[in-house]
Amino acid sequence: MNATKKLHDLGQSIWLDNITRDLLNDGTLKRYIAELSVTGLTSNPTIFNQAFKNSKTYDGPIAEKVKAGMTGEDLFFDLALEDLNRAADLFKPLFDRTNGVDGWVSLEVSPLLAHDTAGTVAAAKALHEKAHHSNLFIKIPGTPEGLPAIEDAIFAGVPVNVTLLFSADHYVAAAEAYLRGIERRIKAGLNPEVGSVASVFVSRWDGAVASKVPAELVNHLGVAMGQRIYKAYHDMLASSRWQRINNEGAHGQRLLWASTGTKDPGVEGEKTLAAFEKAGIDVDALAAKLQDDGAASFVASWQELMTGIDAKTEAARKAA
């Protein structure tokens, strides 16, 4: 039995953090679902930037869209939705079989909107409507400005993958934004079942402190922080607010571990975090910095992606 099958049988949902048109065209994603127990898929600007840079598969479709008058962000989202809609079709049987628990794909709003609440809500609604797939998450960052956008998107019935969460405080804030959106739907007499996951980034913690802590603490912070967040998740599940929305028919927001390169099952969470504090690491301040840096890195990838699309657009125009 392969490792992913073992994880699946233990009750874990395994989502692929990648999407390219080649994965779809050559049957690789279909094989991952059938043979490796992959039950979902996520994307982000960095993933699409790499896909566009490293493959000529998109050149023809870009040329066609340029002829139709499309450019920039509109052209990108059209291409991205084509890929994600195909992936969503592959995952739809699983989505139906699990009553919407699994079988999701994810598309991120423009990272340029990370600090624009109204712009994020408008983009989330527009992308969700354009996709026409019930198993598509719209990714919204859990930044201070993103939190009210998450609430409003959930209230509007848009499934949300909350991204760029690093600390327990980040997670709780995102979970409460989700809860407020569901509670508003219940009060308005709407169906409370709107899918959501909270994506917690693990390995970036260790990358940020590797050169600043004693050797015995290297590669331990991410897992320790994950343990603190997991406890906060269970505390949230046991809360009266969570129980009430469950009683009304909502599945509830799930916890998703992202950027999981660091693994050390022998770590004792709070004891290890205390050791990092003693070593001079302010984990709360670092969580805020990691969130800001993560948003900035997606902006950089987005700008590179748009530059690449502009270059391919110009090449298509010259070849026409």
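Use the structure listed above.
Since this is a predicted model, take the numbers as computed values, not measurements.

Here is what the cut-offs are and how they apply
Residues numbered from 1 in each chain as written. Predicted model: local features only at pLDDT ≥ 70, side-chain atom pairs only at ≥ 80, totals over all residues. Heavy atoms only, no water. Helix = DSSP H or I, 4+ residues; strand = E, 2+ residues; numbered from the N terminus. Buried < 20%, exposed > 50% of the residue type's maximum accessible area, 1.4 Å probe, protein only. Areas by Shrake-Rupley, 256 points an atom, 1.4 Å probe, with all protein chains shown as cover. Lys, Arg positive; Asp, Glu negative; His and termini not counted. Charge placed at Lys NZ, Arg CZ, Asp CG, Glu CD. Pairing = 2+ DSSP bridges. Right-handed = clockwise from strand over helix to strand, strands pointing away. Core = buried A, V, L, I, M, F, W, Y, C linked by side-chain atoms within 4.5 Å. Contact = heavy atoms within 4.5 Å. Arc of directions from axis to C-beta. Salt bridge = Lys/Arg side-chain N within 4 Å of Asp/Glu carboxyl O. Axes fitted to C-alpha atoms, helices over the stretch in contact; angles between N-to-C directions. Parallel < 35°, antiparallel > 145°, perpendicular 65-115°, else oblique. Nonpolar A, V, L, I, M, F, W, Y, C, P; charged D, E, K, R; others polar. Phe/Tyr/Trp six-rings, centres within 6.5 Å; stacked < 30°, edge-to-face > 60°. Left-handed = near helix turned anticlockwise from the far one by under 90°.

Caption draft 1: Examining the overall build of the protein chain more closely. In terms of helices and strands, the protein chain carries 14 helices and seven strands. The principal-axis extent of the C-alpha atoms belonging to the protein chain is close to 65 × 50 × 45 Å. By the burial criterion, 50% of the 320 residues in the protein chain qualify as buried. As displayed, the protein chain has an accessible area near 14,500 Å², and 53% of this comes from carbon and sulfur atoms. Each charge sign in the protein chain was given a centre, from 33 positive and 40 negative side chains, and these centres are 3 Å apart.

Caption draft 2: How the structure looks around the pairing of strand 5 (residues 160-165). Burial analysis of strand 5 places six of its six residues in the buried class, which makes it a mostly covered element. Of the pairings in the sheet, the one linking strand 4 (residues 136-141) to strand 5 comprises four bridges and is parallel in character. Each residue of the ladder has a partner; that of Lys139, found in strand 5, is Asn161. In this fold, the crossover linking strand 4 to strand 5 by way of helix 8 (residues 146-155) has right-handed handedness. Note: strand 5 against strand 6 (residues 196-201), four bridges, orientation parallel. Bridged to Asn161 within strand 6 is Val197.

Caption draft 3: Representation of the nonpolar core within the structure. One finds Leu41, Phe48, Phe52, Phe76, Leu107, Tyr171 and Trp205 to be the most contacted residues of the largest nonpolar core, which totals 98 residues. Ignoring anything within four residues of it in the chain, the contact list for Leu107 reads Ser43, Phe48, Phe77, Ala80, Leu81, Leu84, Leu127, Leu136, Phe137, Ile138 and Lys139.

Caption draft 4: Structural context of helix 5 (residues 59-67). Considered for burial, the residues of helix 5 that qualify are Pro61, Ile62, Lys65 and Val66. All buried residues of helix 5 project into a common sector of 140° when viewed along the axis, lining one side. In helix 5, the exposed positions that point more than 90 degrees away from the buried face belong to Glu64 and Lys67. Buried residues belonging to helix 5 abut helix 2 (21-25), helix 6 (72-97) and helix 14 (283-319). Following helix 5 by one or two positions, Gly69 adopts a phi angle in the positive range, close to 95°.

Caption draft 5: A look at the pattern of salt bridges. A complete count under the given rule lists 17 salt bridges for this structure. Ionic pairing is found between Glu151 and Arg180, a salt bridge with its closest N-O pair at 2.8 Å. Of the two residues, Glu151 sits in helix 8 while Arg180 sits in helix 9 (residues 168-187), which places them 29 residues apart along the sequence.

Caption draft 6: Structural view of the packing of helix 5 against helix 14. Running from amino to carboxyl end, helix 5 crosses helix 14 at an angle of 70°, the nearest separation of the two axes being 9 Å. Of the possible angle classes, the one that applies to helix 5 and helix 14 is roughly perpendicular. Only Lys312, Thr313, Ala316 and Arg317 of helix 14 make contact with helix 5, whose side of the interface consists of Asp59, Ile62, Ala63 and Val66. When grouped by side-chain class, the residues that make up the contact of helix 5 with helix 14 number four nonpolar, one polar and three charged.

Caption draft 7: Molecular detail of the packing of aromatic side chains. Taken as a whole and judged by the stated rule, the model has 15 aromatic pairs. Seen from their ring centres, Tyr171 and Tyr233 are 6.1 Å apart, and the 75° between their planes marks the pair as edge-to-face. Of this pair, Tyr171 sits in helix 9 while Tyr233 is found in helix 11 (residues 221-237), placing the two residues 62 residues apart along the sequence. Here Tyr171 matches Tyr233 in class, with each residue buried. A ring pair is formed by Tyr230 and Trp257, whose centres lie 6.4 Å apart and whose planes are at 45°; its orientation type is tilted.

Caption draft 8: The arrangement of the environment of Gly11 in detail. Mapping Gly11 onto the fold places it in the loop between helix 1 (3-9) and strand 1 (14-16). In sequence terms Gly11 and Pro141 are 130 residues apart; their C-alpha atoms lie 27 Å from each other.

Caption draft 9: How the structure looks around the pairing of strand 6. Burial analysis of strand 6 places six of its six residues in the buried class, which makes it a mostly covered element. Side chains Ser196, Ala198 and Val200 of strand 6 all project onto a buried face; the interleaved residues Val197, Ser199 and Phe201 project onto the opposite face, where all are buried too. A crossover connection joins strand 5 to the parallel strand 6 through helix 9; in handedness this β-α-β unit is right-handed.

Caption draft 10: Region of interest: the packing of helix 9 against helix 11. Where helix 9 contacts helix 11, the axes come no closer than 9 Å and their chain directions differ by 30°. Looking at the two axes, helix 9 sits roughly parallel to helix 11. The two elements helix 9 and helix 11 cross, and the hand of that crossing is right-handed. Between helix 9 and helix 11, the residues in contact are Ala168, Tyr171, Val172, Ala175, Glu176 and Leu179 and Met225, Arg228, Ile229, Ala232, Tyr233 and Met236, respectively. Split by residue class, the contact of helix 9 with helix 11 holds ten nonpolar, no polar and two charged.

Purely spatial values, then, with no claim about function.
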